[in-house]
Amino acid sequence: NKEAVDVYVNSLQGRLKEALERARSLEKRLAVLEQAGDDIVSSLCEDLAEVTGHANKAEARYVKKGKELQRKRRREEMKHRSKLKQAERRIQILEKQLMALSGDSSEDYFEEDDSFGDSTNSGDDDLDDGEHDE
């Protein structure tokens, strides 16, 4: 009986030793996996920071471009308003000239007065100013 108990105890000790070796091996593998996981997480964090940085820079470029476009649009609007006001003033001048001429009873005035045609051409020149600046 004692021999059977000794054999059984030796068997249990062998099994215990194997289990301890497997546990140590699993602990080492777990440590390697944890380190690999930590490396992966660190790499992903760096990638995320880089991508986020690029995204922020791109967003800043788009915001800057948007502001530039808004300023350009406002400048163009101001140019067009100025041209429109200039054209409206020219129209008023021409209307006054027309009224003054239509109030004159002499119809020969249009045929004999070359200065009227000259003033019309100079008015067109006023409207063209600035169109070729771009």
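Residues numbered from 1 in each chain as written. Predicted model: local features only at pLDDT ≥ 70, side-chain atom pairs only at ≥ 80, totals over all residues. Heavy atoms only, no water.

## Concerning the overall build of the chain
Summing up its helical and strand segments, the chain has three helices and zero strands in all. Along the chain, from the amino end to the carboxyl end, the secondary structure elements read α-α-α. The buried share among the 134 residues of the chain stands at 4%. Of the accessible surface of the chain, which amounts to about 12,000 Å², a share of 55% is contributed by carbon and sulfur atoms. (Helix = DSSP H or I, 4+ residues; strand = E, 2+ residues; numbered from the N terminus. Buried < 20%, exposed > 50% of the residue type's maximum accessible area, 1.4 Å probe, protein only. Areas by Shrake-Rupley, 256 points an atom, 1.4 Å probe, with all protein chains shown as cover.)

## Overview of the confidence of the model for the chain
With 77% of its residues at a pLDDT of at least 70, the chain reaches an overall mean of 84. Here residues 105-134 scores under 50 on pLDDT; set against residues more than four positions off or in separate chains, the count is 18 contacts. (pLDDT = per-residue confidence, 0-100. Contact = heavy atoms within 4.5 Å.)

## Notes on the pattern of salt bridges
Summed over all chains, the structure comprises three salt bridges. Between Arg73 and Glu77 there is a salt bridge whose closest N-O contact spans 3.0 Å. A residue pair is termed a helical-turn pair when its members lie 3 or 4 positions apart in one helix, as Arg73 and Glu77 do in helix α1 (residues 2-103) at four residues. Its salt-bridge partner being Arg81, residue Glu77 comes within 3.7 Å of it at the nearest N-O pair. Residue Glu77 and its partner Arg81 are located together in helix α1, separated by four residues, close to a single helical turn. Accessibility expressed as a relative area gives 30% for Glu77, which makes it partly exposed. Residues joined by salt bridges that share partners form a network here, namely Arg73, Glu77 and Arg81. (Salt bridge = Lys/Arg side-chain N within 4 Å of Asp/Glu carboxyl O.)

## Notes on a positive patch on the surface
A surface patch of positive charge is lined by Lys64, Lys65, Lys67, Arg71, Lys72, Arg74 and Arg75. With respect to the helices and strands, Arg71 occurs in helix α1. (Patch = residues over 30% accessible without salt bridge, like charges linked within 9 Å, V, L, I, M, F, W, Y side chains within 5 Å. Lys, Arg positive; Asp, Glu negative; His and termini not counted. Charge placed at Lys NZ, Arg CZ, Asp CG, Glu CD.)

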